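Per-entry structural report
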Amino acid sequence: MRTPRRPRLSGERRRLSPFVVTGAGGEVRPRDQRDLMERPFFSLAKTRRVVPILYEAGGVRVEVYGFPEHGMATIWDADVLIWAASQIVDAENAGLKTSRFLRFTPYQLLTAIGRQTGARDYRLLKGALARLQSTVIRTTIRHGEHWRRHQFSWIGEWEERTTAGGRVEGMEFVLPEWFYRGVLDRSLVLTIDPAYFRLKGGIERWLYRVARKHAGRQPSGWCFDIPHLHAKSGSLAKPADFACDIRRIAARQSLPGYRLRIERQGHVEMLRIHPASYPQQPVDNSVNGIGTSGVGNVDGIGTSGVRLSGLRACQGQSSLWPGERNPSRNLSNLKDSNLVGARRAVDNPRPGADTVPHSRNRRGPEAGGE
């Protein structure tokens, strides 16, 4: 039997050991990165967006730029990063060495995030990877002692491997160091409900991530004023349209694991988020405890809802690169992680309070969570 040729490597892949994602094993719980859940890093529209996101609060600045050819990465494209984070954390838990250079099959990724696996879905996946690579982020989050601003793209480079007939049988991409370190630091990672992948609206998906990050599983929940949420989202929707979308989501109660209630303080509209009954399942040890307004649909990386399939890296290898094994974990990965202490946000009222002053919401720092 002829041995498949190893793919020729270029760029960063020459010096990185590949992390091979396998297709056998138990279920991998989806995990999200806290910084991405809290601040506006993605477009919430399915139409192409090239208008930059410029956001600053609590001394933290986020700038996101998309190139006209592909547009800015969308919140549906971010499912690729959620999948990558889930695989990395699961492999680390199994004592395996990981890398920001991932090798996988498109089938593994698409089925894990609830997508179909037809030719159109593979094409949409490649469109998502193109947007993730062409989007440029500048941020002061988790900067080093002597460095102020970090600039990167969500994917440094990616490549697909095809058969002689043109069928895609394998992919690989390189994640940025900023994202990878944020995943290795368990205090910066949260499990999310697999039902998240069934949410279809951009604002709806974004609001779930905000709820999971801030309200978490705290009985007292969290509270925001609607104008602050609009600024926090980076949405191009008019404030009135955005507020209408929030009201619709609250009326439908469509966020998995959360109950929403609209309140008022004078002329200021508020959204209170309370956790509903969560299934009793363990969380990672170090973790602290709708449609978009005015946009039409274009081809995106579609949504449907199934639970994540099991892709544990400690099981049998994928047939794509059969000669490679993931070595034991490199403990220095964890030692080099950047640990950011949790800060309490001032948007959330004190326990028992009904509302939050609007002016404090708009200017206060935005950390928090469980």
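Moving on, we come to the packing of aromatic side chains. Here the structure, examined in full by the defined rule, presents twelve aromatic pairs. An angle of 50° between the planes, with centres 5.9 Å apart, marks the rings of Phe41 and Trp178 as tilted. Of the two residues, Phe41 sits in the loop between α1 (34-38) and β3 (53-57) while Trp178 sits in helix α5 (residues 177-184), which places them 137 residues apart along the sequence. The same class applies to Phe41 and to Trp178, which are both buried. On the numbers, 5.5 Å between centres and 75° between planes, the contact of Phe152 with Trp154 is edge-to-face. One exposure class covers both Phe152 and Trp154, and it is buried. Put simply, the rings of Phe41, Phe42, Phe152, Trp154 and Trp178 touch in pairs and so form one group of aromatic residues.

Looking now at helix α2 (residues 78-93). Here α2 is 16 residues long and its end C-alpha atoms lie 23 Å apart, about the 22 Å a rise of 1.5 Å per residue gives. Just downstream of α2 lies Gly95, where phi reads positive at about 80°.

This brings us to the nonpolar core. Formed by 79 residues in total, the largest nonpolar core has its most connected members in Phe41, Trp83, Leu102, Trp154 and Phe173. At ten residues, α2 tops the list of elements feeding residues into this core. If we ignore the near neighbours within four places in the chain, the residues touching Leu102 are Phe19, Val21, Trp83, Ala84, Ile88, Met171, Glu172, Phe173 and Leu175.

Strand order across the open sheet formed by four strands is β3-β4-β6-β7, with antiparallel pairing between neighbours. Looking at the sheet topology across the chains shown, the edges are occupied by β3 and β7 (150-153). Put simply, the sheet's adjacent strands are angled 15° from each other on average, direction ignored. As judged from the four bridges shared by strand β4 (residues 60-65) and strand β6 (residues 136-139), these two strands associate in the antiparallel manner. By the bridge assignment for β6, Tyr65 is matched with Val136.

About the criteria used
- Residues numbered from 1 in each chain as written.
- Predicted model: local features only at pLDDT ≥ 70, side-chain atom pairs only at ≥ 80, totals over all residues.
- Heavy atoms only, no water.
- Phe/Tyr/Trp six-rings, centres within 6.5 Å; stacked < 30°, edge-to-face > 60°.
- Helix = DSSP H or I, 4+ residues; strand = E, 2+ residues; numbered from the N terminus.
- Buried < 20%, exposed > 50% of the residue type's maximum accessible area, 1.4 Å probe, protein only.
- Expected span 1.5 Å × (residues − 1).
- Core = buried A, V, L, I, M, F, W, Y, C linked by side-chain atoms within 4.5 Å.
- Contact = heavy atoms within 4.5 Å.
- Pairing = 2+ DSSP bridges.
- Axes fitted to C-alpha atoms, helices over the stretch in contact; angles between N-to-C directions.

Functional significance is not addressed by these values, which are geometric in nature.
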